[in-house]
Amino acid sequence: MIRLAICDDMPEFLAQTKSLAEQWPRKPDHMSISVFSDGDALVDAHSAEPFDIIFLDVVMPLINGIDTATEIRKLDKSVKIIFLTFSKEFAYDAYSVKADNYLLKPIDREKFYACLDECYSEILDNEKCIAVKSPSGIHRVKLCEIEHIEAQGKQVLFSLTDGSIIEAIEPFYVYENKLFLNDGFFKCHRSYIVNLNEIDSYS
């Protein structure tokens, strides 16, 4: 599932961008599109269930696009953020929050689709990953980097192949429903899910 979000306080541009996304020639069947008219609502939605690609208007009342992106980056370093604006003057600010691209309004259809194609290709290269919510934010972890997952009381610990550990804040069953045998994962105990690719032998 590719989750795309569009945030713009101007209804006509919000509708136009959504329409362009719906007509994207490379649009996958498993893509959802969510629209927002303010940055706070976008941040709340991304905190609940992360998006893969975000098109974000720069100039908005209350919380502008740069501040919205700053809040999102505190949670998620990997999500693709593309700014939409009438002016080039915000290019430096876009760079400061590690935006993936910067499109001027009115949106050029070919540039819009080229931007989507590039983001989608990068997502496909890292498609086999899982979003893990921790107290410090959202981590996108490649499945191949997971050694095993362990439930310790109310804690869920991800042990990674580089020796690091991520403490997840979601319950163990959430990951039971995301990690499957055809991806190489096996629930060998009520408190453990192991990556079979990391096992040399067993008895």
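Residues numbered from 1 in each chain as written. Predicted model: local features only at pLDDT ≥ 70, side-chain atom pairs only at ≥ 80, totals over all residues. Heavy atoms only, no water.

Details of the nonpolar core
Here is step 1 of the chain: Ranked by size, the top nonpolar core spans 21 residues in total, and within it Leu4, Ile53, Phe55, Ile82, Leu103, Phe112 and Leu116 carry the most contacts.
Here is step 2 of the chain: Taken together, the elements giving at least two residues each to this core come down to β1 (2-7), α1 (11-22), β3 (53-57), β4 (80-85) and α5 (109-125).
Here is step 3 of the chain: The element contributing the most residues to this core is α5, with seven residues.
Here is step 4 of the chain: Discounting chain neighbours no more than four positions away, the residues touching isoleucine 82 are Ile53, Ile54, Phe55, Leu56, Asn101, Tyr102, Leu103, Cys115 and Cys119. (Core = buried A, V, L, I, M, F, W, Y, C linked by side-chain atoms within 4.5 Å. Buried < 20%, exposed > 50% of the residue type's maximum accessible area, 1.4 Å probe, protein only. Helix = DSSP H or I, 4+ residues; strand = E, 2+ residues; numbered from the N terminus. Contact = heavy atoms within 4.5 Å.)

Things to note about the sheet that holds strand β10 (residues 165-168)
Strand-to-strand pairing in sheets goes through backbone hydrogen bonds, with the strands running parallel or antiparallel.
Here is step 1 of the chain: Taken in spatial order, the five strands make up an open sheet running β10-β9-β8-β12-β11, and their pairing is antiparallel. Both edges of this open sheet fall to β10 and β11 (185-189), since each of them pairs with a single strand only. Ignoring strand direction, the axes of neighbouring strands in this sheet form an average angle of 20°.
Here is step 2 of the chain: With three bridges joining them, strand β8 (residues 146-152) and strand β12 (residues 192-195) adopt antiparallel strand pairing. For histidine 148, the partnering residue across the bridge sits in β12 and is valine 194. (Pairing = 2+ DSSP bridges. Axes fitted to C-alpha atoms, helices over the stretch in contact; angles between N-to-C directions.)

Regarding the pairing of β11
Here is step 1 of the chain: Where β11 and β12 come together, three bridges link them in antiparallel fashion. Looking across to β12, one finds that phenylalanine 185 is bridged to asparagine 195.
Here is step 2 of the chain: Between β11 and β12, which follow one another and run antiparallel, lie two residues.

Considering the layout of surface pockets
Here is step 1 of the chain: The calculated volume of the largest pocket comes to roughly 930 Å³.
Here is step 2 of the chain: Residue lining of the largest pocket: 28 residues in total, with Asp52, Cys129, Ile130, Ala131 and Arg140 positioned closest to the centre.
Here is step 3 of the chain: For the lining of the largest pocket, the elements supplying multiple residues, two or more each, are β1, α5, β6 (129-134) and β7 (137-142).
Here is step 4 of the chain: Among the elements that make up the lining of the largest pocket, the one with the highest residue count is β6 (four residues).
Here is step 5 of the chain: Grouping the amino acids of the lining of the largest pocket by side-chain chemistry returns eleven nonpolar, three polar and 14 charged. (1 Å grid on protein atoms, 1.4 Å probe; cavity = no way out; pocket = protein on both sides within 12 Å on 5 of 7 lines; lining within 4 Å. Points joined across faces, edges and corners; volume = space filled by probe spheres on them. Nonpolar A, V, L, I, M, F, W, Y, C, P; charged D, E, K, R; others polar.)

Topic: the state of the cysteines
Here is step 1 of the chain: Scanning the entire structure with this criterion turns up zero disulfides.
Here is step 2 of the chain: No disulfide involves cysteine 115; its sulfur sits 4.5 Å from the nearest other cysteine sulfur, which is in cysteine 119.
Here is step 3 of the chain: Classification of cysteine 115 by relative accessible area gives buried; the value is 2%.
Here is step 4 of the chain: The cysteine cysteine 188 is free of any disulfide, with cysteine 144 supplying the nearest cysteine sulfur at 20 Å.
Here is step 5 of the chain: By relative accessible area, cysteine 188 is classed as partly exposed at 46%. (Disulfide = S-S within 2.5 Å.)

Considerations on the pattern of salt bridges
Here is step 1 of the chain: Under the definition given, this model contains twelve salt bridges.
Here is step 2 of the chain: The residue arginine 140 makes a salt bridge to aspartate 52 at a minimum N-O spacing of 3.5 Å. With arginine 140 in strand β7 and aspartate 52 in the loop between α2 (39-48) and β3, this residue pair connects regions lying 88 residues apart in the sequence.
Here is step 3 of the chain: Classification of arginine 140 by relative accessible area gives partly exposed; the value is 25%.
Here is step 4 of the chain: By relative accessible area, aspartate 52 is classed as buried at 13%.
Here is step 5 of the chain: Beyond isolated ion pairs, a larger network of salt bridges with shared partners links Arg73, Lys80, Asp100 and Glu122. (Salt bridge = Lys/Arg side-chain N within 4 Å of Asp/Glu carboxyl O.)

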